[in-house]
Amino acid sequence: MKKFSVRFISFFFALFIVSTTIFAATTAVSEQFTGQKAAALQLVDSLKNDTSAVPDTRAKKGAQPSLTISSDSLTVTVNRKIQLVAVVTGTDVLPEITWTSSDEKIATVDKKGKVKGVKAGKANITASCVIDGETYYATYAVKVVTSSNLIKDLLVNQQVLSYQYSYEDDYYYTNDKEAWQYNFGYGKLYDIAAPYILLEYDYVRVFFEYEGKDWMLQMWKGQYGLIFYGSEIGIYTKPQTDKEDNFFTFYNCPAEEDWLKMQMTLYHQQLNGEYVREFTRPYDTYWWCTGFKDGHLRVEEPADELRVHSKITFKDKEMANLVAQGLLDCGFKQASDRDKIQTDGFYLDGDSIHFKWQHINEAENTMPIKVGAGFIIATNIISFLLSILSFFSLLGLGALFLI
């Protein structure tokens, strides 16, 4: 019954998502490529008389030399080319640039910095130059694809409908620095409602008090609608109170000074038991660290085939100790060494915590409600279709009387 109800809900949900996505993406693509066209024309003009692809950007006298690479694209299609530009600053002369590729079976680069895709894969393009006897290097990662993807190219540079894309590891994420969700905080109510909009995920919450505020660290992993599976880690705060949290308790997304350094890697267990790394969110400052892959899990709930590895650095040892105690309360096991962390375990390393999460799950069992809701929805849809059929049958009967 669950699968039957989900299919009906999925159909209408998918229609809504597709229509809104196409509209937003079409608008954004139009604006994006208008800007890219102008940038490309400007780039071509600057390269017409520049055989070394090194713009004259000489810095003031006394500045330290530096070399960087820029381009309007992170990808190149097989048998197509993109232009890389080496930018040298901090010198009074324009040195000769040498270009190399880490794997010419994937991508080649000529002496002018023009990269050609050979076959699908990733390659690092390196530019080097010698300034006053010292060699300087810069590297640019290029992904070669079999065909261009306008939507992914767009999402690399800007967020659309809460999603941005990374060709590194081929995954989507929410840029928490520009997320509209920041204004709405988080509470238990969201997790209770999630299954009814096709979000089937496991979660764990860690509560603690620190610096006069109530804090909540929450982790998620599972199936996100019909399109993605992935994982999240979020940190939230609210004014400290002695009242016990309930169904309607909400935490705020934290002020910037309360954001934390995090790294998150998602692993997916295959049928043969092996774990494949799906993506890694780099170690950086987040209040909400997310990552999503195209596809569908074999089993939606619980999402035990997914495992999250993470490192979180807290404000100090006191805060880290409070979170460590919260993890113990949730059922995690503390390891004596980082290399000895077991599944659903953690290691306390000064003001940082390393952990592996897979099986612990605080998500409520909402199956009976979902089945009941699905039955009601399915019954209403069938009733609606029968009404339409009856209407056209009456029209046909009326036509017979008129003949």
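Calculation rules
Residues numbered from 1 in each chain as written. Predicted model: local features only at pLDDT ≥ 70, side-chain atom pairs only at ≥ 80, totals over all residues. Heavy atoms only, no water. Helix = DSSP H or I, 4+ residues; strand = E, 2+ residues; numbered from the N terminus. Buried < 20%, exposed > 50% of the residue type's maximum accessible area, 1.4 Å probe, protein only. Contact = heavy atoms within 4.5 Å. Polar contact = N/O pair within 3.5 Å; in protein donor to acceptor, adjacent residues only side chain to side chain. pLDDT = per-residue confidence, 0-100. Pairing = 2+ DSSP bridges. Axes fitted to C-alpha atoms, helices over the stretch in contact; angles between N-to-C directions. Core = buried A, V, L, I, M, F, W, Y, C linked by side-chain atoms within 4.5 Å. Patch = residues over 30% accessible without salt bridge, like charges linked within 9 Å, V, L, I, M, F, W, Y side chains within 5 Å. Areas by Shrake-Rupley, 256 points an atom, 1.4 Å probe, with all protein chains shown as cover. Salt bridge = Lys/Arg side-chain N within 4 Å of Asp/Glu carboxyl O. Lys, Arg positive; Asp, Glu negative; His and termini not counted. Charge placed at Lys NZ, Arg CZ, Asp CG, Glu CD. Phe/Tyr/Trp six-rings, centres within 6.5 Å; stacked < 30°, edge-to-face > 60°. Expected span 1.5 Å × (residues − 1). Arc of directions from axis to C-beta.

A. Fine view of the environment of Thr290. Tracing the chain through its elements places Thr290 in strand β19 (residues 288-294). Looking at Thr290, the relative accessible area reads 0%, which means it is buried. Excluding residues that lie within four positions of it along the chain, Thr290 makes contacts with Tyr173, Thr174, Ser231, Glu232, Met264 and Arg281. Within the structure, the side chain of Thr290 is placed 2.8 Å from the backbone nitrogen of Thr174, a separation counted as a polar contact.

B. Representation of the confidence of the model for the protein chain within the structure. Looking at the protein chain, the pLDDT average stands at 81 and 75% of residues meet or exceed 70. Across residues 56-60 the pLDDT falls below 50, and counting only partners more than four positions away or on other chains, this stretch makes 12 contacts in the model. The model gives residues 394-403 a pLDDT under 50, and that stretch makes 0 contacts with residues more than four places away or in other chains.

C. Structural context of the sheet that holds strand β22 (residues 345-349). The strand order across the open sheet formed by 6 strands is β18-β17-β20-β23-β22-β21, and the pairing between neighbours is mixed. Of all the strands in the sheet, just β18 (275-286) and β21 (333-334) have a single pairing partner and so form its edges. With 9 bridges connecting them, strand β17 (residues 260-269) and β18 associate as antiparallel partners. Paired with Leu260 across the strands is Tyr286, a residue of β18. Along the sheet face, helix α4 (residues 317-330) touches β17, β21, β22 and β23 (352-357) and points at about 165 degrees away from the line of β22.

D. Fine view of the nonpolar core. If you look at the biggest cluster of nonpolar residues, it comprises 61 residues, and the most contacted ones within it are Tyr236 and Phe332. If near-sequence neighbours (up to four positions away) are discounted, Tyr236 is found in contact with Gly185, Tyr186, Asp214, Trp215, Met216, Trp220, Tyr251, Asn252, Cys253, Pro254, Trp287 and Trp288. Counting 23 residues, the second largest nonpolar core, distinct from the first, contains Val76, Leu84, Val115 and Ile131.

E. Quick look at a positive patch on the surface. On the surface, a cluster of positive charge is made up of Lys81, Lys111, Lys112, Lys114 and Lys116. With respect to the secondary-structure elements, Lys116 resides in strand β7 (residues 114-117).

F. Geometry of the packing of aromatic side chains. Going through the model one piece at a time under the given rule, you end up with 22 aromatic pairs. For the pair Tyr186 and Tyr236, a centre-to-centre distance of 5.7 Å together with 35 degrees between the ring planes defines the contact as tilted. With Tyr186 in strand β12 (residues 186-187) and Tyr236 in strand β15 (residues 228-239), the pair connects residues that are 50 residues apart, well separated along the chain. The exposure class assigned to Tyr186 is buried, which follows from its relative accessible area of 12%. The exposure class assigned to Tyr236 is buried, which follows from its relative accessible area of 2%. These aromatic residues form a ring-pair network of at least three members: Tyr163, Tyr165, Tyr172, Tyr201, Tyr203, Tyr224, Phe228 and Phe292.

G. α4, seen in detail. Under the 1.5 Å per step criterion, the end-to-end length of α4 is 20 Å for 14 residues, consistent within 8% with the ideal 20 Å. Inspection of α4 places Met319, Ala320, Val323, Ala324, Gly326, Leu327 and Cys330 among the buried residues, and these make up the whole buried set. Projection of α4 onto a plane perpendicular to its axis shows the buried side chains occupying an angular sector of 160 degrees, all on one side. Exposed and facing more than 90 degrees away from the buried side of α4 are Lys317, Glu318 and Asp329. On the buried face of α4, the contacting elements are β13 (199-210), β14 (213-224), β17, β22 and β23.

H. Fine view of the sheet that holds strand β8 (residues 121-131). Read across the sheet, 4 strands follow the order β2-β9-β8-β5 without closing on themselves; strand pairing throughout is mixed. Since the sheet does not close on itself, it has two edges, and those belong to β2 (75-77) and β5 (98-101), each with one partner. Between one strand axis and the next, the sheet turns through 30 degrees on average, direction left out of account. In the sheet, β2 pairs with strand β9 (residues 134-145) via 3 bridges, with the strands oriented parallel. In the strand pairing of β9, Val76 is matched with Val144.

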